[in-house]
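Coordinates in review
Listed below, chain by chain, are the residues.
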Amino acid sequence: MQLKCPDCEQVIEYAERQPSKCSACGHPLRSVVDDATLDYLPTPDAQATLVGGEVGGESLATAERIGDYRLLRPLGQGGMGLVWEAEQEATGRRVALKLLSPRLSPTPENIDRFLREGKLAASLSHPRSTFVFGAGQQNGQPYIAMELMPGRTLKDVLEEGGPLPVARAVDYMLDAIDGLEAAHALGVIHRDVKPSNCFLDGDGRVKVGDFGLSKSLVSDVSLTRTGGFLGTPQFAAPEQVRGGVVDQRTDVYAVGATLFCLLTGRAPFEGDAVAVIAQIVTDPAPSLRSLRPDVRQALDRVVARSLEKNPDRRFQDLSHLRRALAGFATGGISIADIGRRFAAYMVDSLVVATATAIPAVGIAVTTSIRAATSGSSDPQSYYSPTLNACMQLITIVMQVAYFAVTEAFWGRGFGKWVMGLRVVGPDGDVPGFARSVARSFFLPGAIALAALAPVLTLLRSQDTVTVPPPGLDWGQSLQHFLPVLFALLCTTSMRARNGYRGWHEFASGTRVERVRTTIRTKQGRIPVVLPIVSAEEERRYGPFMVVGDLGHCGDSTVMVGRDEALGRAVWIYRGPHAASDARRRLVRPTRPYWLQGGEQGDDRWDTFEAVTGAPLTEIARDPDRMEWQESRHWLLDLCEECIAALADGTLPEVLSLSQIWITRSGRLKLLDTPVKPPGAATLNEPTYTGPPAERAVAFFRAAILFCTRRQIVPRHVLAFADELAPSALAGDKTLAWAAAHLREAVMKPAALGWDDRLGILAVSMGSEFSFYLTFAFVVPLVLIVALGLPITKVALLAPLTLLMPAVVAFASRGGPAFWLTSIDVLRSDGQRASRWRCAWRNLLAWAPIILIYGVLGTLLGKVAISPARGNGAITVSQAPTDMAPTDMGNSWLFTGGMLACGFLGVLFFAGAVYAVARPQRGLQDLLSGTLLSPR
């Protein structure tokens, strides 16, 4: 490798480590980079300092202003630019002014690359990315005016306090992912994510900045030198340092490297630039736990996957990385409630039962068809005790092994994965094989062992199967209830104060946690209000060219223009009044940013960023565009904006719902005045005036009622809207109280997902289904024992069990599963459903499965059962010929009944699948006019 001495220009060759001094003149050789960017073409004076450059022949040390900005103090420098804190003289707004580095020649290539950052960054308007106000040139010196961040960078945080706590570091990176995803949605790849480019705002949240090396995947503009490298080596992906193709996965690598740095205090690879690049290309990234052992293995795996050298083995986009990191963030872990845990257990049990039932059903159907075609009257043709006992043993072994293995290696099986749960040990990581085996020995292992005695009884008796009549031999019958009793015993220790830990969890040193997933708003469903293209001659206001007319707001005209320097759309307000100084200085993502203003003739004009979206009142016309999952975020943004506007005096004098706009990316913007499209009728809607506090509360309450009356919302939201009564409008703390409630509402489920519906189904099968079957068999038992009625007649009473779902739903207003999982049954208009409607809904839901057992009960009544009770048991052996299926008619009747049960089973299964696919409204909900919502 070669290095050129900046003093004597001697070319120095070296093999591995870069020499510290020149061998010819002894001049110190500067390390190529330390968290700096290798993206510039050096000038002859490569050692120019921050204050040693010139602007139009004037030293930056003595320069007072550039363009409309007065330089105040230097903030820092990178490979391509240096940044000053500056003040816009017209408004007093403080900005971060980025200038082309004096180390760079002001060539067209360097200027184009520099201004390209402004164009790409200006296309973003997101709370988690820095905003660009403008760009320009003065005497050949280009500049970009950016949002001045009041806080520090993550690099500063690391230097001051060292490695960060895990939750705090993950919180920062989730913010960064928000900003990067917004850039990716526009086809922009950052390519230089690192701690020094992650800025902290006044609330301590991260904003991603410095898009100097960004690449547009849409325009595919390439300003990279042939064979050159753009980026910071320590945080660059292998394909980036090789000069290969970059995409979203390149930023995934950089995010993983940045998180690695936040947790360990160092980048994954260290050394001079050349050594770092060589390591990135050839060496695997070090393990996170090797430098910080207290980090959980699960997080170590996430970071390691992000740092994979092969992009195909990384997370394929930032959304997947977000989901993997969500469980390690603040608030990402919560107590797993009993209902969700029960649902997960039932889903896991269903997985095991399905795996064993498929071959069992195949054998049973084959045996039944063979017996029917042969005309055999031998009961053993229909029932094999040995086969049945073996299948039960296999089920026991598979169930215990399933829980032990899945929880030992992954912390959860399919059921817990679906329900967002995981089993962890004392250190918060996967419990390991020993703890998982101990846990499974108690539950479900002991449950399986409790059911083992009847299985062994069946295996001991091969010729004659003795089945103890329930209710007559209580000792034998108790064996069937031992599994349930043991499961209930394990749950007796569950309390909210101990995290709902059962005895089996105390014994194994484990616990179950719930992982909260980050809720994302849906993109691309918001309409866009387009301007009316102007037929007039070209109009300009300052550097902005008018594209068309958007509408009117009071006595001002709103036009859509184009910022040619940055290639973005703007809104131009022309009228007799100018924006106030406080409004011009306002920098908040919930209000359109003011860009520039001036006078033209008798009119004043002010330019704001364009809001690409539509008013909330327009969006509400299509019910499919408004869902509580999204609108609750809008309302929280509006509430916080009202609080901030009251504090800084920027609350509009007149407020109406038409001023609430939603951008294409799902963000809220509050306009200063409503915009009326050209030719539209006068806006006929309530306006809110008066003292600022009362005006803000009345306006916010109107927005709450507007949203909640046009969509299905949980009951706690309706209660919140009712509490925000007009009598509370004068309260000083009303908005703060409302914001606290909305922050809590944002963390709660907004609507049922497919996992929630699957959990409800599992809980129902584990609770209601067992109760209905018990009722179906206990009633015939009493009639047989007490009244001596024939089984063939008693079996016909099985359809009466259809009334039980209706009775249970009427009493509990939905069913036990809804009570356990905190679900409400609502009418189509969002109000709570009546008890009668709930009863009808539950009857429709359970009719197919109960009819299956009704048909099975009738068929079992046709099987020969001898009433011999000499030994206190009913013996299936030689039965009276008038009851045995000795003819082909009865055989085909049995087969036909089995086919009918199969049809009903398919119907029930199809309804279950539809309910999981459409969680809010299953088939039974469509027929009964109901829907489901979280409580």
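Higher on the page you've got the structure.
Residues numbered from 1 in each chain as written. Predicted model: local features only at pLDDT ≥ 70, side-chain atom pairs only at ≥ 80, totals over all residues. Heavy atoms only, no water.

Notes on the overall build of the protein
Where we set the bar: Working definition: helices are DSSP H or I runs of at least four residues, strands are E runs of at least two. Numbering for both runs from the N terminus. Each residue's exposure class comes from its accessible area (1.4 Å probe, protein chains only) as a fraction of the maximum for that residue type: buried when under 20%, exposed when over 50%, partly exposed otherwise. Any two residues whose heavy atoms approach within 4.5 Å at even a single point are treated as in contact. The accessible surface values rely on the Shrake-Rupley method and a 1.4 Å probe; as for residues, cover is taken only from the protein chains in view.
A count of helices and strands for the protein gives 30 helices and 31 strands. Expressed as a percentage of the 935 residues in the protein, the buried residues total 48%. Across the protein, contacts joining residues at least 24 apart in sequence account for 68% of those joining residues at least 6 apart. By element, 59% of the accessible surface of the protein is carried by carbon and sulfur atoms, the whole surface being about 42700 Å².

Focus: unusual backbone geometry
Of note, the phi angle at Arg191 is positive, near 70 degrees, even though the residue is not glycine. When you line up the elements, Arg191 lands in the loop between β11 (188–189) and β12 (198–200). A positive phi angle is found at Arg813, which is not glycine, with a value near 55 degrees. Along the polypeptide, Arg813 turns up in the loop between α26 (803–812) and α27 (816–821).

Regarding a nonpolar patch on the surface
To keep it simple, the criterion reads: Note that patches include only residues with greater than 30% relative accessible area and no salt bridge, and the join distances are 9 Å for like charges and 5 Å for nonpolar side chains (Val, Leu, Ile, Met, Phe, Trp, Tyr). Here a salt bridge means any side-chain nitrogen of Lys or Arg lying within 4 Å of a carboxyl oxygen belonging to Asp or Glu.
Judged by side-chain polarity, Val405, Phe409, Trp410, Phe433 and Val437 come together as a nonpolar surface patch covering roughly 530 Å² of accessible area. Broken down by secondary-structure element, the contributors of at least two residues to the nonpolar patch are α11 (385–409) and α13 (432–450). As for its placement among the helices and strands, Val405 is situated in helix α11. A relative accessible area of 35% means that Val405 is categorised as partly exposed.

Re the sheet that holds strand β15 (residues 333–335)
Quick reminder of the rule: Criterion used throughout: strands pair if DSSP finds at least two bridges between them. Only the stretch in contact is used when fitting a helix axis, every axis being a line fitted to C-alpha atoms; angles between N-to-C directions are given from 0 to 180 degrees.
Overall, antiparallel pairing links the 3 strands, which are arranged β15-β18-β16 in an open sheet. Sheet topology places β15 and β16 (421–424) at the edges, where each strand pairs with a single neighbour. Each strand of the sheet is rotated relative to its neighbour by a mean of 45 degrees, with strand direction disregarded. Here β15 runs beside strand β18 (residues 511–515); their pairing, made up of 3 bridges, is antiparallel. The partner of Ser334 across the bridge, within β18, is Arg514.

Overview of the sheet that holds strand β5 (residues 65–66)
Taken together, the 6 strands give an open sheet; going across it, the order is β5-β6-β7-β8-β10-β9, and neighbouring strands pair in antiparallel fashion. The sheet terminates laterally at β5 and β9 (132–138), the two strands that pair on one side only. Sheet analysis places strand β6 (residues 69–77) next to strand β7 (residues 81–88), joined by 7 bridges and oriented antiparallel. Bridge pairing links Gly76 to Val83 in β7.

Notes on the pattern of salt bridges
Following the criterion strictly, the structure yields 39 salt bridges and no others. Note that Asp606 and Arg584 form a salt bridge whose closest N and O atoms lie 3.7 Å from each other. Separated by 22 residues along the polypeptide, Asp606 in strand β25 (residues 603–609) and Arg584 in helix α17 (residues 581–585) bring together distant segments of the chain. Of the charged contacts in the structure, one is a salt bridge between Asp648 and Arg588, with a shortest N-O distance of 2.7 Å. Residue Asp648 is located in helix α19 (residues 628–648), and its partner Arg588 is located in the loop between α17 and β24 (594–600); the two are separated by 60 residues in the primary sequence. The exposure class assigned to Asp648 is partly exposed, which follows from its relative accessible area of 34%. Classification of Arg588 as buried rests on a relative accessible area of 15%. Through salt bridges that share partners, Arg583, Arg588, Arg591, Glu641, Asp648 and Asp672 make up one connected network.

Here we look at the nonpolar core
Heads up, the rule is: Only buried residues count toward a nonpolar core. Its members are Ala, Val, Leu, Ile, Met, Phe, Trp, Tyr and Cys residues joined through side-chain atoms within 4.5 Å.
Judged by nonpolar contacts, the single largest core of 48 residues is most densely connected at Val255, Leu259, Leu262, Leu299, Leu321 and Leu325. Breaking this core down by element, the ones donating at least two residues are α2 (154–161), α3 (166–185), β12, β13 (206–208), α5 (248–264), α6 (273–282), α8 (297–306) and α9 (318–326). Sort the elements by how many residues they give to this core and α5 lands first, with 10 residues. Leave out the neighbours within four places in its chain, and Val255 touches Met173, Ile177, Leu180, Val193, Leu318 and Leu321.

Points about the packing of α19 against helix α22 (residues 734–747)
Selection rule: For classification purposes, angles smaller than 35 degrees are called roughly parallel, those larger than 145 roughly antiparallel, those between 65 and 115 roughly perpendicular, and all remaining angles oblique. Here a crossing is called left-handed whenever its near helix is offset anticlockwise from the far helix by less than a right angle, and right-handed whenever the offset is clockwise. Three categories are distinguished: nonpolar for Ala, Val, Leu, Ile, Met, Phe, Trp, Tyr, Cys and Pro, charged for Asp, Glu, Lys and Arg, and polar for the others, with Gly belonging to the last.
Relative to each other, α19 and α22 sit at 155 degrees, their axes nearing to 9 Å. Between α19 and α22, the angle falls in the class roughly antiparallel. Classified by chirality, the crossing of α22 by α19 is left-handed. On the side of α19, the interface is formed by Trp628, Arg632, His633, Leu635, Leu636, Cys639, Glu640, Cys642, Ile643 and Leu646, while α22 contributes Leu735, Ala736, Ala738, Ala739, Leu742, Arg743, Ala745 and Val746. Here the contact of α19 with α22 is built from residues that sort into 14 nonpolar, 1 polar and 3 charged.

Some points on the environment of Phe706
In this structure, Phe706 sits in helix α20 (residues 692–708). What makes Phe706 buried here is its relative accessible area of 11%. Residues Phe706 and Leu657, spaced 49 residues apart in sequence, show a C-alpha to C-alpha distance of 8.8 Å.

Some remarks on α3
The criterion, for reference: Take the number of residues in a helix, subtract one, and multiply by 1.5 Å to get its expected span.
Taking 1.5 Å per residue, 20 residues should reach 28 Å; α3 reaches 28 Å between its end C-alpha atoms and fits that length. Most of α3 sits inside the fold, with 15 of its 20 residues counted as buried. Directly after α3, the chain includes Gly187, whose backbone phi takes a positive value near 80 degrees.

Some thoughts on the pairing of β18
Where β16 meets β18, 4 bridges bridge the pair, whose relative direction is antiparallel. Residue Val423 lies in a different strand from β18, and its bridge partner there is Val512.

Things to note about the packing of aromatic side chains
The condition that has to hold: Ring pairs are drawn from Phe, Tyr and Trp, using the six-membered ring of Trp, whenever the two centres fall within 6.5 Å, and their geometry is named by plane angle: stacked under 30 degrees, edge-to-face over 60, tilted for the rest.
A full pass over the atoms with the stated rule returns 16 aromatic pairs. Relative to Phe403, the ring of Tyr402 has its centre 5.4 Å away and its plane inclined at 90 degrees; by these criteria the two rings are edge-to-face. For Tyr402, a relative accessible area of 17% translates into the label buried. Seen from their ring centres, Trp571 and Trp661 are 5.2 Å apart, and the 80 degrees between their planes marks the pair as edge-to-face.

Comments concerning α6
Which entries qualify depends on this criterion: This arc is taken over the directions from the axis of the helix to the C-beta atoms.
The set of residues buried in α6 consists of Ala273, Val276 and Ile280. When α6 is viewed along its axis, its buried side chains cluster within an angular range of 65 degrees and face the same direction.

Quick notes on the environment of Cys838
Topologically, Cys838 is positioned in helix α28 (residues 835–862). C-alpha of Cys838 to C-alpha of Ala811: the two residues are 27 residues apart in sequence and 9.4 Å apart in space. Leaving out residues up to four positions away in the same chain, Cys838 has contacts with Ala809, Arg813, Gly814, Val825 and Ala833.

Regarding the environment of Arg621
Position of Arg621 among the secondary structure elements: in the loop between α18 (616–619) and α19. In sequence terms Arg621 and Arg710 are 89 residues apart; their C-alpha atoms lie 9.2 Å from each other.

Details of the pairing of strand β23 (residues 568–575)
Most of β23 is tucked away, with 6 of its 8 residues classed as buried. One ladder, built from 7 bridges, connects strand β22 (residues 556–563) with β23; its direction is antiparallel. In the strand pairing of β23, Val560 is matched with Trp571. Two successive antiparallel strands, β22 and β23, enclose a turn made up of 4 residues, where Gly567 displays a positive phi of approximately 65 degrees. Examined bridge by bridge, β23 and β25 share 6 bridges and lie antiparallel to one another. Note that in β25 the partner of Val570 across the bridge is Glu609.

Digging into the side chain of Ser508
For clarity, the cut-off: Pairing of N or O atoms within 3.5 Å defines a polar contact, subject to two protein rules: one partner must be a possible hydrogen donor and the other a possible acceptor, and residues neighboring in sequence count only if both atoms are side-chain atoms.
Topologically, Ser508 is positioned in helix α16 (residues 503–508). Within the local environment of Ser508, its side chain forms a polar contact with the backbone oxygen of His504, the two atoms lying 2.8 Å apart. The residues touching Ser508, leaving out its near neighbours within four places in the chain, are Arg435, Ala438 and Arg439.

A closer look at the packing of α20 against α22
When two helices pack together, their arrangement is captured by the angle between the axes and the distance separating the axes. Look at α20 against α22: their axes get within 10 Å of each other, and the N-to-C directions meet at 30 degrees. Relative to α22, α20 is oriented roughly parallel. Of the residues in α22, those in contact with Ala696, Val697 and Phe700 of α20 are Thr734, Leu735, Ala738 and Leu742. Along the lines of polarity and charge, the residues of the contact of α20 with α22 split into 6 nonpolar, 1 polar and no charged.

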